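The residues making up each chain are set out below.
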Amino acid sequence: MNDTLQSTSSPSTTAYEPVSSRAYRCRCGRPVFFRNSVCLACKTPLGYEPTQARVIPLDPAEEANVFVRASPLQGQDQDLDQNQGEKYVRCANFASAAECNWLLPQSQAAQGVTLCQACRLNRTIPDLSDPENQELWRRTETAKRRLVSQLIALKLPVASKVGEDPERGLAYDFLRSQPTEPRVMTGHDSGLITINLEEADDPTRERTRKSMGEPYRTLLGHFRHEVGHYYWDRLVDHTDWLEPYRALFGDERQDYDEAVKVHYQTGAPLDWGVHFVSAYASAHPWEDWAETWAHYLHMVDTADTAASFGIDLTRIGLETEPFDTEVLWNKDTGAEGDAFLALVNDWVGLTAVMNEMSRSMGQPDFYPFVLSREVVTKLHFIHCVIHAGWQ
């Protein structure tokens, strides 16, 4: 419960700068949203353009099933970009149960590419002759597209293991447990992420959450956690980041299976909240990384959304004890460190207010966590690893 706030000073004096906007508008000026494929106001077709991180309005081109970005209606501001003349086709999964609204350049389609950057990551999809599988897959793909859009915006490598980068790429198997077979386990192995489709079933997921004593369990959270394991392999292992990672998170060479077995037998240490972002993070240094990585993605995407819709995170009517440079993993990051502190301090104020709003609706806390100083240091380490690729 995020109730331990001390009233001393405002959360941040530096405004948080979103990584990418999560607010979009149609050609008619009306707001549209990440999942939309048509504007409900003016009926203009829409599509998500991942390289621009935008939902854009579309006009048909001369060729069949090809689109160009629509010009704004009279009286609306012109929003030009470097891809204004680009021609697009819809992802082939637009007409499937996945209902994918992403676009790909016509130039790629001319080379035989039919799936968007997110859908190309799929290695295995469920049996769609089962109507229940269709709905579960739709929910799963919706969560995956949210994740992939953020990974692209963060300039992280997102190449498919299926046909693009077999050795270092990323791929997904979406499987569902069968009565006569072993239960499907969600997990990661050398770039292949398996997602148990049952995690898209709300009652099943909630029963699991309660049985495991978790305060938070979502489908999107699974995607962010498992991809954290993938990026540990890509960005940390066998790099200069490995030794500082071990100093901060622990030595990952300890027996993983035994560590997780002990965790489930004995539970997390009583003081886990001082050192870890979640109880499960205490199981093993790999899980600590993946849980903290997922948390960082939660924070950035939610803060991006708030700022994109005009919420000034520095003017939230709540004073808190701000984190200072002493919590930074690297205190010599200059403006980057200031930007991270703006994120984390504004996040504390934002989530405290969101918790109060949830309680006003009789709902569980929006954000059932408290960030300790050690956890913030780990979050800054992940921030530095990600932003190192921007240099």
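Anyway, here's the lowdown on the structure attached to this text. (Residues numbered from 1 in each chain as written. Predicted model: local features only at pLDDT ≥ 70, side-chain atom pairs only at ≥ 80, totals over all residues. Heavy atoms only, no water.)

**Overview of the sheet that holds strand β9 (residues 171-175)**
Here is step 1 of the chain: Taken together, four strands build an open sheet; the order of strands is β8-β9-β11-β10 and the sheet is mixed. Edge positions in the sheet fall to β8 (122-124) and β10 (187-189), since each of these pairs with one other strand and no more. For this sheet the average axis-to-axis angle between neighbouring strands, irrespective of direction, equals 30°.
Here is step 2 of the chain: Where β10 meets strand β11 (residues 192-196), three bridges bridge the pair, whose relative direction is antiparallel. Following the sheet pairing, D189 is matched in β11 by L192.
Here is step 3 of the chain: Of the strands in this sheet, β8, β9 and β11 are in contact with helix α2 (residues 131-153), which crosses β9 at around 160°. (Pairing = 2+ DSSP bridges. Helix = DSSP H or I, 4+ residues; strand = E, 2+ residues; numbered from the N terminus. Axes fitted to C-alpha atoms, helices over the stretch in contact; angles between N-to-C directions. Contact = heavy atoms within 4.5 Å.)

**Topic: the sheet that holds strand β7 (residues 103-105)**
Here is step 1 of the chain: Pairing is antiparallel in the open sheet, where five strands are placed in the order β3-β4-β5-β6-β7. Only two strands of the sheet have a single partner each, and these edge strands are β3 (46-49) and β7. Put simply, the sheet's adjacent strands are angled 50° from each other on average, direction ignored.
Here is step 2 of the chain: When β3 meets strand β4 (residues 54-60), the two strands line up antiparallel, connected through four bridges. In the sheet register, G47 faces β4, and the bridge partner there is I56.

**Details of the packing of helix α9 (residues 335-360) against helix α10 (residues 373-388)**
Here is step 1 of the chain: Contact pair α9 / α10: the axes reach a minimum separation of 11 Å and the direction vectors enclose 130°. Viewed along their axes, α9 and α10 adopt a mutual orientation that is oblique. The element α9 and its partner α10 pack so that their crossing is right-handed. Facing α9, whose interface residues are E336, G337, F340 and V344, α10 presents V376, L379, H380, H383 and H387. (Parallel < 35°, antiparallel > 145°, perpendicular 65-115°, else oblique. Left-handed = near helix turned anticlockwise from the far one by under 90°.)

**Structural notes on the pattern of salt bridges**
Pairs can form between side chains of opposite charge whenever their charged atoms are close.
Here is step 1 of the chain: Counting across every chain of the model gives 24 salt bridges.
Here is step 2 of the chain: Put simply, R217 and E199 hold a salt bridge, and the shortest N to O gap is 2.6 Å. Of this pair, R217 sits in the loop between α3 (202-211) and α4 (219-236) while E199 sits in the loop between β11 and α3; the two residues are 18 residues apart in sequence, bridging distant segments of the chain. Judged on exposure class, the residue R217 and its partner E199 are both buried.
Here is step 3 of the chain: Here the salt bridges share partners, and the residues they tie into one network are E243, R246, D251, E252 and R253. (Salt bridge = Lys/Arg side-chain N within 4 Å of Asp/Glu carboxyl O. Buried < 20%, exposed > 50% of the residue type's maximum accessible area, 1.4 Å probe, protein only.)

**Description of the packing of aromatic side chains**
Here is step 1 of the chain: Within this structure, the stated rule accounts for 23 aromatic pairs.
Here is step 2 of the chain: Both rings, one in Y172 and one in F223, keep their centres 5.4 Å apart while their planes meet at 55°; by these two values the pair is tilted. Residue Y172 is located in strand β9, and its partner F223 is located in helix α4; the two are separated by 51 residues in the primary sequence.
Here is step 3 of the chain: Between Y230 and Y231, the ring centres sit 4.9 Å apart and the planes meet at 65°, which makes this aromatic pair edge-to-face.
Here is step 4 of the chain: Under the relative-accessibility criterion, Y231 is labelled buried at 0%.
Here is step 5 of the chain: Of note, R22 hangs over the ring of F34, and the distance from its end group to the ring centre comes to 5.1 Å. (Phe/Tyr/Trp six-rings, centres within 6.5 Å; stacked < 30°, edge-to-face > 60°. Lys NZ or Arg CZ within 6 Å of the ring centre and 35° of its normal.)

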